[in-house]
Amino acid sequence: MDTPRSLEHVLSMQGGDDDVSYIKNSYGPAAALASSKTLLTSAIESIKLTKSGSSCHVKIADLGCAVGDNTFSTVDTVVEVLWRKLITVTTDGESDQAPEVEFEVFFSDLPSNDFNTLFRSFEEKVNGSSHKYFAAGVPGSFYGRLFPKGELHVVVTTSALQWLSQIPEKVMEKGSKTWNKGRAWIQGAEGEVVEAYAEQSDKDLVQFLKCRKEEIVEGGVLFMLMGGRPSGLASQVSDHDSRLRHLFTILMDQAWQDLVDEGLIDEDKRDGFNIPVYLRSTEEIASAIDRCGGLKIEKMEVLKIADPMNGKQQEFMKDLESYGRAMANSVQAGLKPMIEAYLGPDLTRKLFKQYAIRAAANKECLEKNYFYYMIAVSAIRV
């Protein structure tokens, strides 16, 4: 990361549809969506809608949409629930007098997102939906304003808010207590490093909420599903039962060290790379919403999601190289664009080759089941 603010131009999920693409490796977010569907449905049902005559125009935004089935699945759920809600509000339940309802959906992500792949599959996906909708792409960071005031009825963001807007500037100060030497992420890092991430995370979330407060109509809904941690868990992940500890720390740090040991990069180059992810606690989220104002929490729940790889462990035990590739592909789906911008394509291929080798040698990961935490929050614009 040469500059703290360069992330907006390089941070994205891996595009396309090959083996390392987000489309082929988004089973974790898909599992989280499935577990949170009831909460999402409940959140949409809590929207405060008023009678609006014979027609209605509803605007929905999916922020940090990425690519693939997950974003379409989320939007389909929102549209279906809103449709039922609107029938109830405008016709008192008599569906034979259903109003003319038009849905407009904005798919938004950073400009580096693979919008081409997203919209190439749009027609097929929307034609398979029970209710059609208009769609548009909105490139930009959700840590800034994206829409006019009072424009949106529903905003959803799933598996995106754990990504920070930038690496904290303090962490980029070589030789300081916040210089994250020898690590790619903050799990197990010095307290000063974690605190710097926590400060950036809080600043980002408050900014996100302030922007959405302006854009959502009164009575509208904000639904957030993000990687997080439950109350009382000080570390970013539970050391003994989260595969994320291996994905972002043990295996990642080993692969970077391999490049150093082979003389391909120096230690400063290794130490200058940091993964911009922070897993907030429920208290941190609630505090940010309270300080922002204009939004009232309806529900907040910690979801314990079984790692989708658990079901493949016996299969992988018979082919450890396949397991190593699967782990490397999973990480590349989220980090490859950023690492490639930092190292270049050749060293990035080398890094993930070493990552796959290290994962294949780490048989202990296949000897127990893992899980991860997500936090679901629904809030009403008041």
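Please read all numbers here as calculations on a predicted model, not as lab measurements.

Rules of the game
- Residues numbered from 1 in each chain as written.
- Predicted model: local features only at pLDDT ≥ 70, side-chain atom pairs only at ≥ 80, totals over all residues.
- Heavy atoms only, no water.
- Helix = DSSP H or I, 4+ residues; strand = E, 2+ residues; numbered from the N terminus.
- Buried < 20%, exposed > 50% of the residue type's maximum accessible area, 1.4 Å probe, protein only.
- Contact = heavy atoms within 4.5 Å.
- Areas by Shrake-Rupley, 256 points an atom, 1.4 Å probe, with all protein chains shown as cover.
- pLDDT = per-residue confidence, 0-100.
- Phe/Tyr/Trp six-rings, centres within 6.5 Å; stacked < 30°, edge-to-face > 60°.
- Lys NZ or Arg CZ within 6 Å of the ring centre and 35° of its normal.
- Expected span 1.5 Å × (residues − 1).
- Bend = angle between axes of the 7 residues up to and from the residue.
- Arc of directions from axis to C-beta.
- Salt bridge = Lys/Arg side-chain N within 4 Å of Asp/Glu carboxyl O.
- Core = buried A, V, L, I, M, F, W, Y, C linked by side-chain atoms within 4.5 Å.

### A look at the overall build of the protein chain
Inference 1: Helix and strand counts for the protein chain stand at 13 helices and eight strands.
Inference 2: In the protein chain, buried positions account for 58% of the 382 residues.
Inference 3: A separation threshold of at least 6 residues defines the contact pool for the protein chain, and within that pool the share at least 24 residues apart is 83%.
Inference 4: Carbon together with sulfur atoms contributes 47% to the accessible area of the protein chain, which is approximately 16,200 Å² in total.

### Re the confidence of the model for the protein chain
Inference 1: With 89% of its residues at a pLDDT of 70 or more, the protein chain shows a mean pLDDT of 86.
Inference 2: Under a pLDDT of 50 for its full length, residues 1-5 has, in the predicted model, 15 contacts with residues more than four places off or in other chains.

### Quick notes on the packing of aromatic side chains
Inference 1: On inspection of all chains with the given rule, the structure shows 15 aromatic pairs.
Inference 2: Judged by centre distance (6.0 Å) and plane angle (85 degrees), the ring pair of Phe107 and Phe119 falls under edge-to-face. Taken together, the positions of Phe107 in strand S2 (residues 100-109) and Phe119 in helix H5 (residues 115-120) put the pair 12 residues apart, joining distant regions of the chain.
Inference 3: An aromatic cluster is defined as three or more aromatic residues linked by ring pairs; in this entry it consists of Phe72, Phe107, Phe115, Phe119, Phe122 and Tyr133.
Inference 4: Lying across the ring of Phe208, Arg212 places its NZ or CZ 4.8 Å from the centre.
Inference 5: Across from the ring centre of Phe371, 4.2 Å away, lies the NZ or CZ of Lys304, which sits over that ring.

### Section: helix H3 (residues 27-45)
Inference 1: When the terminal C-alpha atoms of H3 are compared, their 27 Å separation across 19 residues agrees well with the 27 Å that a helix rising 1.5 Å per residue should span.
Inference 2: Of all the bends in H3, the greatest, near 55 degrees, is centred on Ser36.
Inference 3: Those residues of H3 that fall on the buried side of the exposure criterion are Gly28, Pro29, Ala32, Leu33, Ser36, Leu39, Leu40, Thr41, Ala43 and Ile44.

### A look at helix H10 (residues 282-292)
Inference 1: Within H10, burial applies to Thr282, Ile285, Ala288, Ile289 and Cys292. The buried side chains of H10 occupy one side of the element, clustering within an arc of 135 degrees when seen end-on.
Inference 2: Looking at the buried side of H10, the elements it contacts are helix H7 (191-215), strand S5 (216-229), strand S6 (280-281), strand S7 (295-306) and strand S8 (371-381).
Inference 3: Gly293 occupies a position one or two residues after H10 and carries a positive phi of about 75 degrees.

### Focus on the pattern of salt bridges
A side chain of one charge can pair with a side chain of the opposite charge if their charged atoms are brought near each other.
Inference 1: Under the definition given, this model contains 15 salt bridges.
Inference 2: Between Glu267 and Lys181 there is a salt bridge, and its shortest N-O distance comes to 3.2 Å. One end of the pair, Glu267, is in helix H9 (residues 267-271); the other, Lys181, is in the loop between strand S4 (152-158) and H7, with 86 residues separating them in the sequence.
Inference 3: A relative accessible area of 38% places Glu267 in the partly exposed class.
Inference 4: Note on Lys181: relative accessible area 45%, which makes it partly exposed.
Inference 5: Asp202 is the partner of Arg291 in a salt bridge, and the nearest nitrogen-oxygen pair spans 2.5 Å. On the criterion of sequence distance, the pair formed by Arg291 in helix H10 and Asp202 in helix H7 is long-range, its members being 89 residues apart.
Inference 6: Salt bridges sharing partners connect three or more residues here, namely Lys181, Glu267, Arg270 and Asp271.

### Section: the nonpolar core
Where a protein is soluble and globular, its nonpolar side chains tend to be buried together.
Inference 1: Counting 95 residues, the largest nonpolar core has Leu82, Phe103, Tyr133, Trp256 and Tyr355 as the members making the most contacts within it.
Inference 2: Among the elements that make up this core, the one with the highest residue count is helix H12 (residues 320-343) (10 residues).
Inference 3: Beyond its immediate chain neighbours, meaning those up to four positions away, Tyr133 contacts Phe72, Val75, Asp76, Val79, Phe103, Val105, Phe107, Phe122 and Val126.
Inference 4: Within the second largest apolar cluster, 28 residues are counted, among which are Phe142, Tyr143, Leu161 and Ala288.

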